[in-house]
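These are the residues of each chain, in order.
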Amino acid sequence: MSPTGLLGRRERNKAEKRRRIAEAAAALFAAQGYARTTTQQIAAAADVADGTIFRYASTKPELLLMVMNEQVADLVEKGRVAAASAPTVHEAVAALMGPLVALVRAQPDTAAPYLREVLFGEAGVHRDAALALVDGTVAQLAEILAPQVDAGRVGLSVEESARFVFSTLVNEVMRGALGRAPVGPENLTARVGVLLRGLGVV
C-alpha cells in the first residue's frame, strides 16, 4: 500500500473512532447524565481502549464540549431558521434561543455542566469551538436587534445589547437546568419581553 493510501486509511480509522466515541458519550450523557458517566463507560461503549478517548479530548470536560458542541450547533441553526421567519423581534429572539431551552428541558444533567464549561471552563480546542458558537449566536441576536435598538439612547452598542440579552437568558436557562427556576417556552418568552422592553423594544 502506498504511503498516501496508508495515511488515508489511518485518517478514516481515526474519524471512525471519533464518531463512535462521540455517539457513545452522547448516548450515555443523555441516559444517565454527565456526572454519572465515566470515560471508562464511554470507552467500553465505543469499543476503544480507555486512553484512546484522550486523543480526541484531553479531559472529560473537553469531551463533554466536543460531544455537545455538535448538538448545540444543530440547535443554533434550527433557531436561526425559526428566527428568520418570526413576525416580531420578540418572537425572533425567543425562536433563536428556544432550542437551547429545549435541550435543557430534555437533558438538564448534561446541559448544566456543558454551559458551565462554556462559560467558565479551561482553555481547549473544544471550548474554543463552543465560544465560537456563542459568538455566532450573539451575532444573530445583534442582527435581529439592529433595526430596533437605539444605541445612543440605551448606552450600549447593538452588539453589547445582544451579548447582554444572550448572557441574561443563558443565566436563566442555567438556573433552570439546576432546578432553581422554571424553564420552558412560556418562561423564555416572558424573560425576552422584559429584556427587550429594557432596551426600548416594544
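Residues numbered from 1 in each chain as written. Predicted model: local features only at pLDDT ≥ 70, side-chain atom pairs only at ≥ 80, totals over all residues. Heavy atoms only, no water.

### Overview of the packing of helix α4 (residues 89–106) against helix α9 (residues 185–198)
Move 1: Between α4 and α9, the shortest axis-to-axis distance is 9 Å and the interhelical angle comes to 140 degrees. In terms of orientation, α4 lies oblique with respect to α9. For the crossing formed where α4 meets α9, the hand is right-handed. Facing Val-89, His-90, Val-93, Ala-94, Met-97, Gly-98, Val-101 and Arg-105 of α4, the residues of α9 in contact are Pro-185, Leu-188, Thr-189, Val-192, Gly-193 and Leu-196.
Move 2: Its residues assigned to classes, the contact of α4 with α9 shows nine nonpolar, four polar and one charged. (Axes fitted to C-alpha atoms, helices over the stretch in contact; angles between N-to-C directions. Helix = DSSP H or I, 4+ residues; strand = E, 2+ residues; numbered from the N terminus. Parallel < 35°, antiparallel > 145°, perpendicular 65-115°, else oblique. Left-handed = near helix turned anticlockwise from the far one by under 90°. Contact = heavy atoms within 4.5 Å. Nonpolar A, V, L, I, M, F, W, Y, C, P; charged D, E, K, R; others polar.)

### Description of unusual backbone geometry
A negative phi holds for most residues other than glycine; trans holds for most peptide bonds.
Move 1: The phi dihedral of Asp-47 falls on the positive side, at around 60 degrees, and the residue is not glycine.
Move 2: Of note, Asp-47 is situated in the loop between α2 (39–46) and α3 (60–84).

### Quick word on the packing of aromatic side chains
Two descriptors summarise a pair of aromatic rings, namely the distance from one centre to the other and the angle between the planes of the rings.
Move 1: Within the structure shown, the criterion is met by one aromatic pair.
Move 2: The ring of Tyr-34 has Lys-60 lying over it, and the distance from NZ or CZ to the ring centre is 4.4 Å. (Phe/Tyr/Trp six-rings, centres within 6.5 Å; stacked < 30°, edge-to-face > 60°. Lys NZ or Arg CZ within 6 Å of the ring centre and 35° of its normal.)

### Quick look at empty space enclosed by the protein
Move 1: Under the definition given, this model contains two cavities of 30 Å³ or more.
Move 2: Of the volumes computed, that of the largest cavity is approximately 230 Å³.
Move 3: In terms of lining residues, the largest cavity is bounded by 17 residues, among which Val-72, Val-76, Leu-100, Thr-137 and Phe-166 are the most central.
Move 4: Grouping the constituent residues of the lining of the largest cavity by class yields 16 nonpolar, one polar and no charged.
Move 5: Taken as a whole, the second largest cavity encloses approximately 70 Å³ of empty space.
Move 6: Lining the second largest cavity we find Val-101, Leu-169, Glu-172, Val-173, Pro-182, Val-183, Gly-184, Asn-187, Leu-188 and Arg-191.
Move 7: Breaking the lining of the second largest cavity down by element, the ones donating at least two residues are α8 (158–177) and α9. (1 Å grid on protein atoms, 1.4 Å probe; cavity = no way out; pocket = protein on both sides within 12 Å on 5 of 7 lines; lining within 4 Å. Points joined across faces, edges and corners; volume = space filled by probe spheres on them.)

### Details of the nonpolar core
Move 1: Counting 63 residues, the largest nonpolar core has Ile-21, Ile-42, Val-93, Tyr-114, Leu-145, Val-165 and Leu-196 as its most contacted members.
Move 2: Only α1 (3–32), α2, α3, α4, α5 (108–120), α6 (125–145), α8 and α9 provide two or more residues apiece to this core.
Move 3: Considering every element that reaches this core, the biggest residue donor is α4, with 11 residues.
Move 4: What Ile-42 contacts, discounting residues up to four positions off in sequence, is Ile-21, Ala-24, Ala-25, Leu-28, Phe-29, Thr-37, Ile-53 and Leu-63. (Core = buried A, V, L, I, M, F, W, Y, C linked by side-chain atoms within 4.5 Å. Buried < 20%, exposed > 50% of the residue type's maximum accessible area, 1.4 Å probe, protein only.)

### Focus: the pattern of salt bridges
Move 1: Taken as a whole, this structure holds nine salt bridges when the rule is applied.
Move 2: Glu-16 is paired through a salt bridge with Arg-20; the nearest N and O atoms lie 3.8 Å apart. Highlighted residues: Glu-16 and Arg-20, both in helix α1, separated by four residues, approximately one helical turn.
Move 3: Within the structure, one salt-bridge network assembled from shared partners comprises Glu-16, Arg-19, Arg-20 and Glu-23. (Salt bridge = Lys/Arg side-chain N within 4 Å of Asp/Glu carboxyl O.)

### Concerning α4
Move 1: Over its 18 residues, α4 extends 26 Å from the first C-alpha to the last, a length consistent with the 26 Å expected when each residue adds 1.5 Å.
Move 2: Buried residues of α4: Val-89, Ala-92, Val-93, Ala-94, Ala-95, Leu-96, Met-97, Pro-99, Leu-100, Val-101, Leu-103 and Val-104, and no others.
Move 3: Among the structural elements, α3, α5, α6, α8 and α9 are those in contact with the buried residues of α4. (Expected span 1.5 Å × (residues − 1).)

### Quick look at the confidence of the model for the protein chain
Do not read the fine detail of predicted coordinates wherever pLDDT is low.
Move 1: Per-residue confidence for the protein chain gives a mean pLDDT of 90, with 96% of residues at or over 70.
Move 2: Element-level pLDDT for the protein chain is lowest in helix α7 (residues 151–154), with a mean of 82, against a maximum mean of 96 in α2. (pLDDT = per-residue confidence, 0-100.)

### Quick look at the environment of Ala-22
Move 1: Here Ala-22 lies in helix α1.
Move 2: With a relative accessible area of 9%, Ala-22 lands in the buried category.
Move 3: Counting along the chain gives 99 residues from Ala-22 to Gly-121, while the straight-line C-alpha distance between them is 20 Å.
Move 4: Those residues within four positions of Ala-22 in sequence are excluded, and the remaining contacts are Met-66 and Val-67.

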